[in-house]
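Coordinate inspection notes
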Amino acid sequence: MKKLLLSLLIVGLIAASAFGAGLKMGSLTQQNMTPEEFAEFIKSQEINFFGWKIMNTPHSFDDSFTYFDSLTAMMMALHSGKIDEAALPEPVAEYIANTSPSSEICCALHSRTTHIAMGFRNDEEGQKLCSMVNGALASMTADNKMRILKSKYIGVPGKTLPHAEAFTEFPGAETITVAVTGDLPPLDLIAPDGTPVGFNTAVLAEIGKRLGVNIKLLNIESGARTSALMSGRADAVFWYQVWDNVEKQPDAPSGVLLSVPYYDWDMFMHLKHFTRD
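Presented here is a report on the structure given in the accompanying data block. Position numbers for residues start from 1 in each chain and track the written sequence from start to end. With pLDDT at 70 or above as the cut-off, local features in this predicted model cover only qualifying residues; side-chain atom pairs require 80 or more to be listed or tallied, and sums for whole chains, interfaces and linings still use all residues. Side-chain numbers here rest on the full set of heavy atoms in the structure, without hydrogens or water.

1. So, the pattern of salt bridges
Pairing between side chains of opposite charge can happen when their charged atoms approach one another. For this analysis, a salt bridge means a side-chain nitrogen from Lys or Arg found within 4 Å of a carboxyl oxygen belonging to Asp or Glu. Applying the stated rule across the entire model yields six salt bridges. Residue R210 is joined to D143 by a salt bridge in which the shortest nitrogen-to-oxygen separation is 2.8 Å. Note that R210 is positioned in helix α8 (residues 199-211) and D143 in the loop between α6 (124-142) and α7 (145-153), a separation of 67 residues in sequence. Categorising residues by exposure relies on relative accessible area from a 1.4 Å probe, with only protein chains included: less than 20% of the type maximum marks a residue as buried, more than 50% marks it as exposed, and the intermediate range marks it as partly exposed. On the basis of relative accessible area, R210 is assigned to the partly exposed category, the value being 30%. Exposure remark for D143: the relative accessible area of 42% places this residue in the partly exposed category. The shortest N-O distance in the salt bridge between E165 and K152 comes to 3.4 Å. Here the residue E165 occupies a position in the loop between α7 and β6 (175-180), and K152 occupies one in helix α7, the gap between them amounting to 13 residues. According to the relative accessible area criterion, K152 is partly exposed, its value standing at 40%. Each member of the salt-bridge network shares a partner with another, and the members are R121, D123 and D235. Only DSSP runs of H or I covering at least 4 residues are called helices, and only runs of E covering at least 2 are called strands; the numbering of each starts at the N terminus.

What follows is the structure, given as structure tokens:
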């Protein structure tokens, strides 16, 4: 009888959570979409077109989302109780859970394959640069360099930050400015001393070597990626690609051209804050 009552209580709590007022969720700012537009996108049938699946969790479409221009701001809101959970890509959530003493993964809300690609201005110069980068990425896949970098930087246990990759200097060669945010560790990661490190930086270092170009990094907030690219402050940025067809990205402006994807994950995980006894 006690087990039955306990089971009924658990079911009741889950049902109350699923159909109640919802939770306060945190997410990084979408590009070219207002929070209201993104919320409607999530709730609409478009999620089926993009291959998204809402997981069986104690969440509902009554959840409210707050959007943050940086990971730091979102984690501060999580730790202060302003939001209940923070939605992050699977490798990012795992990295933070492994390195933060007060954060843990509580569920997976969205199931979909999401890719990392590079974004360029869709003009003559950007198209040329995108083609060059696509060639370098293809060669890195063909000779297993990409696989080696993934195994070195992603899913590595422990709290040690990946070391910074050295950029080869080519005197007199073209310089490509790439915006980094530090908002997707260990993919896009900035060390405490301000040095960009991690997987994306390693990929950029290898691209620079293969193309014989200089790479210059520009630190920006995640929400400023589009403006940095379109204003010419950056020649390239890192971009989520949520659909294999690069022409069908829900938040990509028409002036942004995406490279071929070079890394993907299958889940968006949710972090919550807790206090150890």
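Let us keep going from here.
2. Details of the pairing of strand β4 (residues 85-89)
Within a regular strand, side chains alternate between the sheet's two faces. Among the five residues that make up β4, five are buried, leaving the element largely enclosed by the rest of the structure. Pairing analysis gives two bridges linking strand β1 (residues 24-28) to β4, with the strands arranged parallel. Bridging across to β4, G26 finds its partner in A86. Pairing between strands is defined by DSSP: at least two bridges between the two strands are required.

3. Points about the packing of aromatic side chains
For Phe, Tyr and Trp, where Trp contributes only its six-membered ring, two rings pair if their centres lie within 6.5 Å, and the inter-plane angle classes them as stacked under 30 degrees, edge-to-face over 60, or tilted in between. All told, the structure shown has three aromatic pairs when counted by the stated rule. Geometrically, the ring pair formed by Y263 and W265 is tilted, given 6.4 Å between the ring centres and 40° between the ring planes. Like W265, Y263 is buried. Within the aromatic cluster, the residues linked to one another by ring pairs are F199, Y262, Y263 and W265. Placement of a charge over a ring requires the Lys NZ or Arg CZ to be within 6 Å of the ring centre, with the centre-to-atom vector within 35 degrees of the ring normal. Directly above the aromatic system of W239 lies the positively charged group of R225, at a separation of 5.0 Å from the ring centroid.

4. Section: α8
Between the first and last residue of a helix there are one fewer steps than residues, each counted as 1.5 Å, and that sum is the expected span. With 13 residues, α8 should reach 18 Å at 1.5 Å per residue; the first-to-last C-alpha distance of 18 Å fits that figure. Within α8, 10 of the 13 residues are buried, leaving the element largely enclosed by the surrounding structure. Turning to α8, its buried residues are F199, N200, T201, A202, V203, L204, A205, E206, I207 and G208. Among the residues trailing α8, G212 stands out with phi positive, at a value near 70°.

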